[in-house]
Amino acid sequence: MDKKPGIRLGDLQLRIMRVLWDSDAATVSEVQRQLGRPPLAYTTVAHDVAQTRGAGAGRPFRGRPQVPLPRAVSMPEVTRSMTGDLVDRLFDGSLTDAVSHLLDSRGVSADELDRLERMIQQRKSKP
């Protein structure tokens, strides 16, 4: 069975995507400003920001949330793909092992544990 190729973003690509998701569209200069220090070269940012249709001479180069794929992607789609890839590669596909690792290695408040318990109960009650 062929698995659908996942979306993998590097650190810089993910930072750029977050700027674009927050603003829906931005010029390369706007993305540069939002990324802050250290400043990145215009061409570095432009390389990772896909050009929207109709952008041409005399018009600002505007990017929409896209990765090196021929289509725009949403934050939930990227999150789902990258999280699934992480669970598959590091935990052999075991969600239980992944959650156990997170509970053991990160500070988890009582409120977060309550939310997790509610989420599990909701999942159990779904048909």
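This is a predicted model, so every value here is computed, not measured.

Asks: For this particular structure, what's the right way to read the overall build of the protein?
Replies: The number of helices and strands found in the protein is six helices and three strands. Helices and strands in the protein line up, N terminus first, as α-β-α-α-β-β-α-α-α. Within the protein, the proportion of its 127 residues that are buried is 24%. Excluding contacts between residues fewer than 6 apart, the proportion of contacts in the protein whose partners are at least 24 apart in sequence is 50%. On the protein, roughly 9800 Å² of surface is accessible, and the fraction owed to carbon and sulfur atoms is 53%.

Asks: Explain the pattern of salt bridges to me, please; I cannot follow it from the model alone.
Replies: Side-chain pairs of opposite charge can arise whenever the charged atoms involved come near each other. Under the defined criterion, the tally for this structure stands at one salt bridge. For Arg 89, the salt bridge identified is with Asp 85, shortest N-O distance 2.8 Å. On the criterion of helical spacing, the pair formed by Arg 89 and Asp 85 is a turn pair, its members being four residues apart in helix H4 (residues 75-91).

Asks: Could you clarify how one ought to interpret the nonpolar core in this entry?
Replies: Soluble globular proteins: nonpolar side chains tend toward being buried together. Grouped together as the largest cluster of nonpolar side chains are eight residues: Ile 16, Val 19, Leu 20, Ala 26, Val 28, Val 31, Leu 35 and Val 45. Contributions of two or more residues to this core are made by helix H1 (11-23) and helix H2 (28-35). One finds Ile 7, Leu 14, Trp 21 and Val 78 within the second-largest nonpolar core, a separate group that totals seven residues.

Asks: Can you walk me through unusual backbone geometry in this structure?
Replies: Negative phi characterises most residues that are not glycine, and trans characterises most peptide bonds. Residue Asp 92 is not a glycine yet carries a positive backbone phi of 50 degrees. Residue Asp 92 is classed as exposed on the basis of its relative accessible area of 76%.

Asks: Help me understand a negative patch on the surface in this model?
Replies: On the surface, a cluster of negative charge is contributed by Asp 111, Glu 112, Asp 114 and Glu 117. Residue class for Asp 111 comes out exposed when judged on its relative accessible area of 59%.

Asks: Whenever I open this one, the environment of Leu 103 confuses me. Can you help?
Replies: Relative to the assigned elements, Leu 103 resides in helix H5 (residues 95-105). Counting along the chain gives ten residues from Leu 103 to Leu 113, while the straight-line C-alpha distance between them is 9.2 Å. Excluding anything up to four places from it in sequence, Leu 103 contacts Val 108, Leu 113 and Leu 116.

Asks: It is not clear to me how the packing of H1 against H2 should be interpreted in this structure. Could you clarify?
Replies: Relative orientation and spacing of two packed helices are given, respectively, by the angle between their axes and the distance between those axes. Between H1 and H2, the least distance of the axes is 10 Å, while the angle of their chain directions is 110 degrees. Judged by the angle between their axes, H1 and H2 are roughly perpendicular. Seen from H1, the contacting residues are Leu 12, Arg 15, Ile 16, Val 19 and Leu 20; seen from H2, they are Val 31, Gln 34 and Leu 35. Split into classes, the residues belonging to the contact of H1 with H2 amount to six nonpolar, one polar and one charged.

Asks: I would appreciate a short explanation of the confidence of the model for the protein in the present structure.
Replies: Detail in the predicted coordinates should be disregarded across regions flagged by low pLDDT. The pLDDT averaged across the protein works out to 76; a share of 73% of its residues lies at or above 70. Overall, residues 50-59 carries pLDDT values under 50, and its contacts beyond four positions in sequence, including any with other chains, amount to twelve contacts.

Asks: Just to check I follow, could you spell out H2 for this structure?
Replies: Within H2 the residues assigned to the buried category are Val 28, Val 31 and Leu 35. The buried residues of H2 occupy an angular sector of 60 degrees when the element is viewed end-on, so they sit on one face. Every exposed residue of H2 that faces more than 90 degrees away from the buried side is listed here: Arg 33 and Gln 34. One or two residues past the end of H2 sits Gly 36, with phi positive at roughly 75 degrees.

The rules behind these values
Residues numbered from 1 in each chain as written. Predicted model: local features only at pLDDT ≥ 70, side-chain atom pairs only at ≥ 80, totals over all residues. Heavy atoms only, no water. Helix = DSSP H or I, 4+ residues; strand = E, 2+ residues; numbered from the N terminus. Buried < 20%, exposed > 50% of the residue type's maximum accessible area, 1.4 Å probe, protein only. Contact = heavy atoms within 4.5 Å. Areas by Shrake-Rupley, 256 points an atom, 1.4 Å probe, with all protein chains shown as cover. Salt bridge = Lys/Arg side-chain N within 4 Å of Asp/Glu carboxyl O. Core = buried A, V, L, I, M, F, W, Y, C linked by side-chain atoms within 4.5 Å. Patch = residues over 30% accessible without salt bridge, like charges linked within 9 Å, V, L, I, M, F, W, Y side chains within 5 Å. Lys, Arg positive; Asp, Glu negative; His and termini not counted. Charge placed at Lys NZ, Arg CZ, Asp CG, Glu CD. Axes fitted to C-alpha atoms, helices over the stretch in contact; angles between N-to-C directions. Parallel < 35°, antiparallel > 145°, perpendicular 65-115°, else oblique. Nonpolar A, V, L, I, M, F, W, Y, C, P; charged D, E, K, R; others polar. pLDDT = per-residue confidence, 0-100. Arc of directions from axis to C-beta.

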